[in-house]
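Inside the fold
So you can see what is in the structure, the chains are spelled out below.
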Amino acid sequence: MASSVCSNAINFLLLLALASHLSSVSFAGSFYQDVDITWGDGRAKILNNGELLTLSLDRSSGSGFQSKQEYLYGKIDMQIKLVPGNSAGTVTAYYLSSQGATHDEIDFEFLGNLSGDPYVVHTNLYTQGKGEREMQFYLWFDPTMDFHTYSVLWNPKHIVFYVDGTPIREFKNRESSGVAYPKNQPMRIFSSLWNADDWATRGGRVKTDWSKAPFTASFRNFNAIGCVGGSGASSCSSANNTWMWQEFDSNSVQRLKWVQENYMIYNYCTDRKRFPRGLPPECSMS
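Residues numbered from 1 in each chain as written. Predicted model: local features only at pLDDT ≥ 70, side-chain atom pairs only at ≥ 80, totals over all residues. Heavy atoms only, no water.

Pairing is antiparallel across the open sheet formed by eight strands, whose spatial order is β2-β5-β14-β7-β8-β9-β10-β16. Unpaired on one side and paired on the other, β2 (35-39) and β16 (264-267) mark the two borders of the sheet. Averaged over all pairs of adjacent strands, the angle between strand axes in this sheet comes to 15°, irrespective of strand direction. Looking at chain direction, strand β7 (residues 90-97) and strand β14 (residues 187-195) are connected through eight bridges and run antiparallel. When the bridges of β14 are listed, Thr90 appears paired with Asn195. (Pairing = 2+ DSSP bridges. Helix = DSSP H or I, 4+ residues; strand = E, 2+ residues; numbered from the N terminus. Axes fitted to C-alpha atoms, helices over the stretch in contact; angles between N-to-C directions.)

Okay, structure coming up:
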């Protein structure tokens, strides 16, 4: 028991030491300043003096962008209006990722559908190159009619996916129980719109209707508060960075439960056919 307490204390001190060597930065404003368009040959556009970014997909290509800055822990917000109408076969991706074979990744992917059918919000996590932690949800609104805020909180305690401020998924730091947790690899924010009709809609049975192209998704109000390497006057352990040590209160627990009871449509932790040798270890942890 004493050794466990000592180990937890050492881990906490190590986190504080890491935070003291990171500067906290906040980016909110112009897409010209915050992101680089990385592919699409003109299909990605920054408009309205940098306040709006659109991604388009046609039969020839999709498009994408990435943040100029990398983050090691952070609170990331983006308002997105998804592809309207018959969006079957398309995927709008919005995620954080490091690079390399043992990369870490935190994914939002929005899977298009036939007109009138709901979008699927596909979430996943990779730690040290290993994924297979998918959870999927329907939304309680039409995400094509207006902009909605999709957020990721990543701190030493947990990773939380939010929709309009409502938590839909939590991945706790369970390193003390042998479950890998992203903590060493800075991640950049990426977004793209691409064709995935081999799997995205009803397992690939519904294909992209190219007569509806170009497909367009819109982005605004990108806000990133996070820790980046280098020297700076502020520190991630400062009192102003409350997100760094944020945990769930009782209201957040209840809202998460509401979403998962009413809108979750797939949970890897209940898919025993997929894991015949046993579910991943975090699935049995409270």
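Here Thr90 shows up in strand β7. Taking the relative accessible area as the measure of exposure, Thr90 reaches 0% and is therefore buried. (Buried < 20%, exposed > 50% of the residue type's maximum accessible area, 1.4 Å probe, protein only.)

The next point concerns the nonpolar core. Counting 60 residues, the largest nonpolar core has Phe108 and Trp154 as its most contacted members. Per-element tally for this core: the top contributor is strand β15 (residues 215-229), with seven residues. Core analysis: the next-biggest nonpolar cluster, separate from the first, contains five residues, Val91, Leu111, Val120 and Ala200 among them. (Core = buried A, V, L, I, M, F, W, Y, C linked by side-chain atoms within 4.5 Å.)

This part is about the state of the cysteines. Scanning all chains against the criterion turns up one disulfide. Two residues share a disulfide in this structure: Cys269 and Cys283, whose sulfurs sit 2.0 Å from each other. Judged by the torsion about the S-S bond (-75°), the Cys269/Cys283 disulfide is left-handed. With Cys269 in the segment after β16 and Cys283 in the segment after β16, this pair connects stretches of sequence that are 14 residues apart. Cys269 sits in the buried class, given a relative accessible area of 16%. With a relative accessible area of 21%, Cys283 lands in the partly exposed category. (Disulfide = S-S within 2.5 Å.)

For the coordinates displayed, the defined rule picks out 16 aromatic pairs. Residues Phe108 and Phe110 carry aromatic rings whose centres are separated by 5.7 Å and whose planes lie at 5° to one another, so their mutual orientation is stacked. One exposure class covers both Phe108 and Phe110, and it is buried. Plain terms: the ring middles of Trp140 and Tyr263 are 5.5 Å apart, the flat faces sit at 55° to each other, and that makes the pair tilted. Taken together, the residues span a long stretch of sequence, with Trp140 in the loop between β10 (135-137) and β11 (148-154) and Tyr263 in the loop between α3 (250-262) and β16 at a distance of 123 residues. Its relative accessible area of 27% is what places Trp140 among the partly exposed residues. Through successive ring pairs, a cluster of aromatic residues spans Tyr94, Phe108, Phe110, Tyr150 and Phe161. (Phe/Tyr/Trp six-rings, centres within 6.5 Å; stacked < 30°, edge-to-face > 60°.)

Space left empty within the atom packing is revealed by a probe, the size of a water molecule, rolled over the atoms. What the second largest pocket holds in volume is close to 340 Å³. Looking at the lining of the second largest pocket, the elements with two or more residues in it are β13 (166-172), α3 and β16. Top contributing element to the lining of the second largest pocket by residue count: β13, with four residues. Tallied by class, residues from the lining of the second largest pocket come to eight nonpolar, three polar and five charged. (1 Å grid on protein atoms, 1.4 Å probe; cavity = no way out; pocket = protein on both sides within 12 Å on 5 of 7 lines; lining within 4 Å. Points joined across faces, edges and corners; volume = space filled by probe spheres on them. Nonpolar A, V, L, I, M, F, W, Y, C, P; charged D, E, K, R; others polar.)

In a regular helix each residue adds 1.5 Å, so 13 residues correspond to 18 Å; α3 covers 18 Å between its end C-alpha atoms and thus fits that length. Along α3, the residues that are buried comprise Ser252, Leu256 and Val259. End-on view of α3: buried residues confined to an arc of 65°, all on one side of the axis. Those residues of α3 that are exposed and aimed more than 90 degrees away from the buried face are Ser250 and Glu261. Tucked inside the fold, the buried residues of α3 contact β10, β13 and β16. (Expected span 1.5 Å × (residues − 1). Arc of directions from axis to C-beta. Contact = heavy atoms within 4.5 Å.)

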